[in-house]
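The chain contents come next:
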Amino acid sequence: MDGFETTNATLVDLHTHTTASDGSLTPDELVAKAASLGIRVLGITDHDTTDGVAAALAAATRWQITVVPGVEISTLAGREELHLLGYFIDPENADLQEALARSRRARRERAKKMVDRLGKLGLPVAWERVLALAGDASSIGRPHVASALLEAGYVGSWDEAFDLWIGRGCPAYVERYKLSPEEAIELVLRSGGLPVLAHPFTYSPHGEKRSSLDLQHWLPRLRRAGLAGIEVYYPNYPRRAIRRLLDWAVRFRLLPTGGSDFHGDGAHNGLGSVVVPWAVWQGLLQRHL
Ligand code: AMP
Ligand code: ZN
Ligand code: FE
Ligand code: FE
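The rules behind the values
Residues numbered from 1 in each chain as written. Chains lettered and ligands numbered in written order. Predicted model: local features only at pLDDT ≥ 70, side-chain atom pairs only at ≥ 80, totals over all residues. Heavy atoms only, no water. Helix = DSSP H or I, 4+ residues; strand = E, 2+ residues; numbered from the N terminus. Rg over C-alpha atoms; globule rule 2.2 N^0.38 Å. Buried < 20%, exposed > 50% of the residue type's maximum accessible area, 1.4 Å probe, protein only. Contact = heavy atoms within 4.5 Å. Areas by Shrake-Rupley, 256 points an atom, 1.4 Å probe, with all protein chains shown as cover. Lys, Arg positive; Asp, Glu negative; His and termini not counted. Charge placed at Lys NZ, Arg CZ, Asp CG, Glu CD. Near = heavy atom within 4 Å. Polar contact = N/O pair within 3.5 Å; in protein donor to acceptor, adjacent residues only side chain to side chain. Nonpolar A, V, L, I, M, F, W, Y, C, P; charged D, E, K, R; others polar. Donors = N, O, S within 2.8 Å, 3.2 Å for Na, K, Ca; no water. Phe/Tyr/Trp six-rings, centres within 6.5 Å; stacked < 30°, edge-to-face > 60°. Lys NZ or Arg CZ within 6 Å of the ring centre and 35° of its normal. Salt bridge = Lys/Arg side-chain N within 4 Å of Asp/Glu carboxyl O.

Caption draft 1: The arrangement of the overall build of the protein in detail. A count of helices and strands for the protein gives 10 helices and nine strands. Compactness check: the protein gives a C-alpha radius of gyration of 18 Å against a globular reference of 19 Å for 289 residues, within 12% of the reference. With respect to the principal axes defined by its C-alpha atoms, the protein has extents near 60 × 40 × 40 Å. Looking at the protein as a whole, 54% of its 289 residues are labelled buried. Considering only residue pairs separated by 6 or more positions, the protein has 71% of its internal contacts joining residues 24 or more positions apart. When the accessible surface of the protein is summed, it comes to about 13000 Å², and 51% of that surface belongs to carbon and sulfur atoms. Across the protein, 32 positive and 34 negative side-chain charges occur, with their mean positions spaced 6 Å apart.

Take a look at the structure:
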């Protein structure tokens, strides 16, 4: 696209979730919504699954927008959680699918353990309810457990469920098997994709910093492993955070990317709520080609 954008509406959103993981819109609904908002390029990045990609690509043809097939892989970086986005991965790649399936089995076992733990803590929820709330999702996540807690009336919101019970370090939190960041990068590369570090910082909806990856430590390692990009445009990131991330991107010759991390209309981040420059998309596409 040439010329200056005159509105705040974004044309690009490279980070979204569907009902294949913990999003609340089906791939069809998500693509239709994106098109109606004027989004031209939509990345589908479900947690540890690509099951939403085929339907999203089909819907994209009908709506005449571009869907970028993607995935968001949860990895364990030392003691911290690091999310790795993979763009333009081949969903048919056997190694990738085998690794994702292993992670999804671990997700299921872990959610079950968390339900057991919650029962012992005096918050009994039925495993069947968690499964029912997960619906068609092939990838079960803590948000499904949070929904069960909310439904039972133990908490007033997802946030409360995470802050008090199921967030990292909380009483009902259980760790699970995760790939290392280097393994995830390797899988993405071997399936023809571009590995991108997701949301290096976490800010609360109120703008307080919640966590930050040690970039000084991790970026050189990830870059050596083949990291191609870093997510820079992300909900609630203050200007100074974006500036810092752009500096890191330049220093390590990483593509800056961005997106809303949209999970559904009830969640904090609206679809297309982050303006991602068109040049970001052009850079990503060029690198892919
Ligand atoms: P899991 O993939 O099972 O580790 O769950 C992580 C997901 O839970 C994230 O992708 C978010 O969608 C959601 N999540 C994490 N922290 C919070 C929070 N504090 N409030 C609401 N949702 C959260
Ligand atoms: Zn999620
Ligand atoms: Fe994430
Ligand atoms: Fe995400």
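Caption draft 2: Structural view of the site of ligand 1. Within the structure, ligand 1 sits among D22, H47, R107, R110, G141, R142, P143, W158, D159, F162, R210 and H263. Contact distances for ligand 1 include 3.0 Å between an oxygen atom and a side-chain N or O atom of R107. Interatomic distance of 2.9 Å between a side-chain N/O atom of H263 and an oxygen atom of ligand 1. Among the secondary structure elements, those contributing two or more residues to the shell around ligand 1 are α3 (94-120), α5 (142-151) and α6 (158-166). Among the elements that line the shell around ligand 1, the one with the most residues is α6, at three residues. Of the residues in the shell around ligand 1, the class split is three nonpolar, three polar and six charged.

Caption draft 3: Main features of the coordination of the iron ion (ligand 3). Within the protein, the atoms that donate to the iron ion (ligand 3) are E72 (OE), H83 (ND1) and H199 (NE2), at distances of 2.0 to 2.2 Å. The sequence motif formed by the donor residues of the iron ion (ligand 3) is E-x10-H-x115-H. A separation of 5.9 Å is found between the iron ion (ligand 3) and the zinc ion (ligand 2). On the criterion of sequence distance, the pair formed by H83 in strand β4 (residues 80-87) and H199 in the loop between β5 (194-197) and β6 (201-203) is long-range, its members being 116 residues apart. Given the relative accessible area of 14%, H83 is considered buried. The buried category is assigned to H199, whose relative accessible area is 16%.

Caption draft 4: Region of interest: unusual backbone geometry. A positive phi angle, near 55°, is found at D48, a position not held by glycine. Here D48 is to be found in the loop between β2 (41-44) and α2 (53-63). Of note, the phi angle at R253 is positive, near 50°, even though the residue is not glycine. Assignment of secondary structure puts R253 in the loop between α9 (239-251) and β9 (255-258). For R253, a relative accessible area of 62% corresponds to the exposed category.

Caption draft 5: A look at the packing of aromatic side chains. According to the stated counting rule, one finds five aromatic pairs in the structure shown. With 6.2 Å between their ring centres and 25° between their planes, F88 and W281 make a pair best called stacked. In this pair, F88 is assigned in the loop between β4 and α3 and W281 in helix α10 (residues 278-288), connecting sequence segments 193 residues apart. A residue is classified by how much of its surface remains accessible, and F88, at 13% relative accessible area, is buried. Of the aromatic side chains, those joined through ring pairs into one cluster are F201, Y203, Y234 and Y237. In this structure, R102 is placed above the aromatic ring of Y177, and the distance from its NZ or CZ to the ring centre is 3.7 Å.

Caption draft 6: Structural detail: the coordination of the iron ion (ligand 4). Around the iron ion (ligand 4), the protein contributes the donor atoms H15 (NE2), H17 (NE2), E72 (OE) and D261 (OD), which lie 2.1 to 2.2 Å from the metal centre. Read in sequence order, the donor residues for the iron ion (ligand 4) give the motif H-x1-H-x54-E-x188-D. Taken as an interatomic distance, the gap from the iron ion (ligand 4) to the zinc ion (ligand 2) is 4.7 Å. Taken as a pair, H15 in the loop between β1 (12-13) and α1 (27-36) and D261 in the loop between β9 and α10 lie far apart in primary sequence, 246 residues in all. Accessibility expressed as a relative area gives 0% for H15, which makes it buried. For D261, a relative accessible area of 7% gives the class buried.

Caption draft 7: Structural context of the pattern of salt bridges. Taken as a whole, this structure holds 15 salt bridges when the rule is applied. The salt bridge involving D163 is made with R210; its shortest N-O contact spans 3.8 Å. Linking D163 in helix α6 with R210 in strand β7 (residues 209-212), this pair joins segments that are 47 residues apart in sequence. The exposure class of R210 is partly exposed, given its relative accessible area of 46%. The residue E175 makes a salt bridge to R168 at a minimum N-O spacing of 3.1 Å. What makes E175 partly exposed here is its relative accessible area of 31%.

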